[in-house]
Amino acid sequence: MQQFTYPLPTVSEVLSTVSGGTLFSKLDLSEAYLQLPVDDPTSELLTLNTHKGLFRVKRLPFGVSVAVSVFQKRMEEV
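Hey, could you run me through the nonpolar core in this one?
Inside soluble globular proteins, nonpolar side chains tend to come together where they are buried. If you look at the biggest cluster of nonpolar residues, it comprises nine residues: Ala32, Tyr33, Leu36, Val38, Leu46, Val57, Leu60, Ala67 and Phe71. Sequence-distant contacts of Val57, defined by excluding residues within four places in its chain, comprise Val38, Ser43, Leu46 and Leu48.

How should the packing of aromatic side chains be read in this particular structure?
One pair of aromatic rings is described through two measures. These are the centre distance and the angle between the planes. For the structure on display, the rule yields two aromatic pairs. When the centroid spacing of 4.6 Å and the interplanar angle of 35 degrees are considered together, the rings of Tyr33 and Phe62 count as tilted. Residue Tyr33 is found in the loop between helix H1 (11-18) and helix H2 (40-45), and its partner Phe62 is found in the loop between strand S2 (53-55) and helix H3 (67-77); the two are separated by 29 residues along the sequence. With relative accessibility at 14%, the residue Tyr33 sits in the buried group.

What should I look at first to understand the environment of Pro41 in this one?
Structurally, the position occupied by Pro41 is in helix H2. Taking the C-alpha atoms as reference points, Pro41 and Gly21, separated by 20 residues in sequence, lie 41 Å from one another.

Is there a simple way to explain the pattern of salt bridges in this structure?
Opposite charge on two side chains lets them pair, provided their charged atoms get close. Following the criterion strictly, the structure yields two salt bridges and no others. Of the charged contacts, one joins Lys73 and Glu77 as a salt bridge, the two residues approaching to 2.9 Å between their closest N and O atoms. With Lys73 and Glu77 both in helix H3, this residue pair falls four residues apart, about one helical turn. The exposure class assigned to Lys73 is partly exposed, which follows from its relative accessible area of 31%. Here Glu77 falls in the partly exposed class, since its relative accessible area comes to 49%.

Cut-off values and rules
- Residues numbered from 1 in each chain as written.
- Predicted model: local features only at pLDDT ≥ 70, side-chain atom pairs only at ≥ 80, totals over all residues.
- Heavy atoms only, no water.
- Core = buried A, V, L, I, M, F, W, Y, C linked by side-chain atoms within 4.5 Å.
- Buried < 20%, exposed > 50% of the residue type's maximum accessible area, 1.4 Å probe, protein only.
- Contact = heavy atoms within 4.5 Å.
- Phe/Tyr/Trp six-rings, centres within 6.5 Å; stacked < 30°, edge-to-face > 60°.
- Helix = DSSP H or I, 4+ residues; strand = E, 2+ residues; numbered from the N terminus.
- Salt bridge = Lys/Arg side-chain N within 4 Å of Asp/Glu carboxyl O.

Any functional reading would require information that these geometric values do not contain.
Here's what the structure looks like:
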């Protein structure tokens, strides 16, 4: 299995990026990870075993160790 890593920006990098800006926006990113769909192989790996049976996720859940990196990469692509 291949490990996914993506560097998170430091505070200095973020401030450097927005310096000189004149127009800013605020985004509500509540449940942000749940906005990202996962592919079939990933969904199979993230299957949850519950008292009602197996639950195969279709969206990136919180608590997955690579979720922060995956979300950061997607935000920078957007």
